[in-house]
Amino acid sequence: MTAHRDFINLTDLTPSELRALFVLADRMRRGEYRKRPLEGQALAMLFTKSSTRTRVSFEVGAWQLGAHALFLTPRDVQLGRGEDVADTARVLDRMVQGIVIRTFAHADVEDFARFAQVPVINGLTDLQHPCQILADLLTVQQHLGTFDGKTVAWIGDGNNMANSWCDAAALLGFELRLACPDGYDPDPTILARATATGKVKLVRDPAEAAAGAHVVTTDVWASMGQEEEQAQRSRAFARFQVDAALMATAAREAIFLHCLPAHRGEEVAAEVIDGPQSRVWDEAENRLHVQKAVMAALMGGESLT
Ligand code: CP
Ligand code: NVA
């Protein structure tokens with residue numbers, strides 16, 4: 001991870017650290033890891049957006065590793081009344097051993113990490129969702145065994161998850177085809193870095209992206225903070241639903257992933273998310289295992305070599 005030992009983008013990990021993290025997370029998933037490397041520590045969890053999976057997995061995971069977790073929303077802390085990000089970071093730094101942040105601006109998480117010496121973990125920003133992509137990758141490895149020679153199809157919005165998939169493809173070298181409507185592309189800098197590898201391609205037709213793919217994945221059409229764009233987005237994304245017909249164009253052994261929460265009948269048909277190719281519940285469970293591995297590495301001294 002970075003010199004400051006933060007986890008803000010997937011690219012804070014080298015490919016070999018990523019693979020070591022999966023080994024550790026897999027031991028946790030199998031119940032083979034019984035250590036409590038965070039005994040006596042505290043984890044501050046600052047959330048300015050809603051959360052089910054991220055909140056519960058970090059809170060339970062921290063507890064299982066021996067730490068006490070504090071869930072803090074803007075209503076609970078002075079940040080919501082205008083206290084500086086920098087001052088909040090400096091104060092938390094004196095009291096806790098790790099900080100998870102979920103917020104809107106990616107720069108706020110980077111600022112936090114600059115002013116806090118303790119590890120800062122990105123629990124989702126408008127730009128990135130690095131903890132979720134770790135869980136998705138672990139799920140791919142769990143069900144397909146390897147990333148080598150695999151193709152992932154991203155269908156829908158070029159949002160935080162799409163950006164994190166771009167980073168993952170660039171880091172691990174698998175093929176990624178993103179089908180996004182015009183005007184809803186991933187972040188241009190992240191996309192350019194990923195397409196430069198020759199493994200990542202942006203197309204406009206969902207069927208072109210899904211053809212022969214081993215993983216088909218999508219996300220909501222309107223992310224948190226975009227609720228007022230829902231109607232306009234529903235029109236733009238009308239052709240971008242993952243349904244049984246689209247899944248039929250993928251590889252026979254293809255799996256379906258979704259970070260959740262899902263809107264059945266919008267970005268995914270119920271027959272797909274509730275069907276035999278769906279691995280979304282393993283994917284959600286894997287949040288717990290990968291984040292425990294991240295905390296054990298950043299806060300608990302577990303080695304990723
Ligand atoms: N996938 C995910 O991050 O879910 P939550 O918003 O429930 O945390
Ligand atoms: N793209 C979604 C992911 C939710 C976990 C959002 O940002 O709302």
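Below is a summary of the structure that appears in this document. (Residues numbered from 1 in each chain as written. Chains lettered and ligands numbered in written order. Predicted model: local features only at pLDDT ≥ 70, side-chain atom pairs only at ≥ 80, totals over all residues. Heavy atoms only, no water.)

1. Some details on the site of ligand 1
With respect to spatial proximity, the complete set of residues near ligand 1 consists of Ser51, Thr52, Arg53, Thr54, Arg102, His129, Gln132, Cys259, Leu260 and Arg287. Arg102 places a polar side-chain atom, nitrogen or oxygen, 2.8 Å from an oxygen atom of ligand 1. The backbone of Leu260 places a nitrogen or oxygen atom 2.9 Å from a nitrogen atom of ligand 1. With the chains in place, 95% of the 260 Å² that ligand 1 exposes on its own is no longer accessible. (Near = heavy atom within 4 Å. Polar contact = N/O pair within 3.5 Å; in protein donor to acceptor, adjacent residues only side chain to side chain. Areas by Shrake-Rupley, 256 points an atom, 1.4 Å probe, with all protein chains shown as cover.)

2. Remarks on the environment of Gln226
Relative to the elements of secondary structure, Gln226 occurs in the loop between β8 (215-218) and α9 (230-236). Taking the C-alpha atoms as reference points, Gln226 and Glu283, separated by 57 residues in sequence, lie 24 Å from one another. Ignoring anything within four residues of it in the chain, the contact list for Gln226 reads Asp157, Trp221 and Arg233. (Helix = DSSP H or I, 4+ residues; strand = E, 2+ residues; numbered from the N terminus. Contact = heavy atoms within 4.5 Å.)

3. As for the nonpolar core
In this structure, Leu10, Leu134, Leu137, Trp165, Phe174 and Leu176 are the most contacted members of the largest nonpolar core, which totals 62 residues. Ignoring anything within four residues of it in the chain, the contact list for Leu137 reads Leu10, Phe22, Phe147, Trp165, Ala168, Leu172 and Phe174. Ile155, Trp221, Met247 and Val272 belong to the second largest nonpolar core, which has 26 residues in total. (Core = buried A, V, L, I, M, F, W, Y, C linked by side-chain atoms within 4.5 Å. Buried < 20%, exposed > 50% of the residue type's maximum accessible area, 1.4 Å probe, protein only.)

4. A short note on the sheet that holds strand β3 (residues 98-102)
Taken together, the 4 strands give an open sheet; going across it, the order is β2-β1-β3-β4, and neighbouring strands pair in parallel fashion. Every other strand in the sheet has two partners, leaving β2 (68-72) and β4 (120-122) as the edge strands with one partner each. Averaged over all pairs of adjacent strands, the angle between their axes in this sheet comes to 20°, without regard to strand direction. Pairing analysis gives 5 bridges linking strand β1 (residues 42-47) to β3, with the strands arranged parallel. Within the sheet, the bridge partner assigned to Phe47 lies in β3 and is Arg102. (Pairing = 2+ DSSP bridges. Axes fitted to C-alpha atoms, helices over the stretch in contact; angles between N-to-C directions.)

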